[in-house]
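A structural walkthrough
Here are the chains, one letter per residue:
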Amino acid sequence: MRNRPIPGSSGLVREMSLLGDPLLHRPCEDVTDFGPPLAKLVEDMFATMYAAQGVGLAANQIGVPLKVFVYDCPDDDDVRHLGHVVNPELVEADGLTVRGPEGCLSLPGLEAGTDRFDHAVVEGLTMTGEPVRIAGTGWFARCLQHECDHLEGTVYTDRLTGLRRTRALRAARRAPWAREG
């Protein structure tokens, strides 16, 4: 995918970083500039996430090593959660541990059963610097934990163990997108 405008939006669809990109395995930097470039980044992230048919996207997935993620994700009651978080911090992750299918836009077409807590709370800022606190359960809690992991340099396959990890990494090596690079 190349950087391209998306019809009906001023957002730019950015090229996706894929598994193996060193940027996906390094902690991101705090955002300190809350000006127009940050607003443009968030807009581009939404455009890229929608073009890739995802429910969440971290900035390092499009080559920007800043602590920002966007989401448009339902919870288990099919309530839609839409927004963004700058400099997020996962302040709660508790409740039941649920193993569920998890995928990632940086590993297109692949998924693996991954353990996540059923409840998560993230605190951070909006793109204008206002404090925000987001709580989620079920699928949305999984999304919040997944995106926070990205910004710390962790991909969901890093959380897998044993045979699940072996199979996921083998599938990633064999994926068409891994052979294109």
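I will try to describe carefully the structure that is included in this document. (Residues numbered from 1 in each chain as written. Predicted model: local features only at pLDDT ≥ 70, side-chain atom pairs only at ≥ 80, totals over all residues. Heavy atoms only, no water.)

Attention shifts here to the overall build of the protein chain. For the protein chain, the count of helices and strands is 4 helices and 7 strands. N-terminal to C-terminal, the α/β element order of the protein chain is β-β-α-β-β-β-β-β-α-α-α. Across the 181 residues that make up the protein chain, the buried fraction comes to 45%. Relative to all contacts within the protein chain whose residues are 6 or more apart in sequence, the contacts with residues 24 or more apart total 63%. For the protein chain, the exposed surface amounts to about 9100 Å²; the carbon and sulfur share of it is 52%. (Helix = DSSP H or I, 4+ residues; strand = E, 2+ residues; numbered from the N terminus. Buried < 20%, exposed > 50% of the residue type's maximum accessible area, 1.4 Å probe, protein only. Contact = heavy atoms within 4.5 Å. Areas by Shrake-Rupley, 256 points an atom, 1.4 Å probe, with all protein chains shown as cover.)

Right, let's get into the pairing of strand S4 (residues 68-74). Of all 7 residues in S4, 6 are buried; the element is thus mostly enclosed. The hairpin turn running from S4 into strand S5 (residues 80-103), its antiparallel successor, is 5 residues long, and aspartate 78 in that turn takes a positive phi close to 65°. (Pairing = 2+ DSSP bridges.)

Moving on to the sheet that holds strand S7 (residues 131-137). In space, the 5 strands of this open sheet follow the order S3-S4-S5-S6-S7, with antiparallel pairing throughout. At either end of the open sheet lies a strand with only one pairing partner, and these are strand S3 (56-58) and S7. Going from strand to strand, the sheet's axes swing by 30° on average, the running direction of each strand aside. Across the sheet, helix H1 (residues 36-51) is in contact with S3, S4 and S5; its angle to S4 comes to roughly 40°. (Axes fitted to C-alpha atoms, helices over the stretch in contact; angles between N-to-C directions.)

This part takes up the pairing of S7. Alignment of strand S6 (residues 111-125) against S7, held across 7 bridges, turns out to be antiparallel. Pairing of valine 122 across the sheet is with isoleucine 134, part of S7. A loop of 5 residues connects S6 with S7, the two strands running antiparallel in sequence, and glycine 129 in this loop sits at a positive phi of about 90°.

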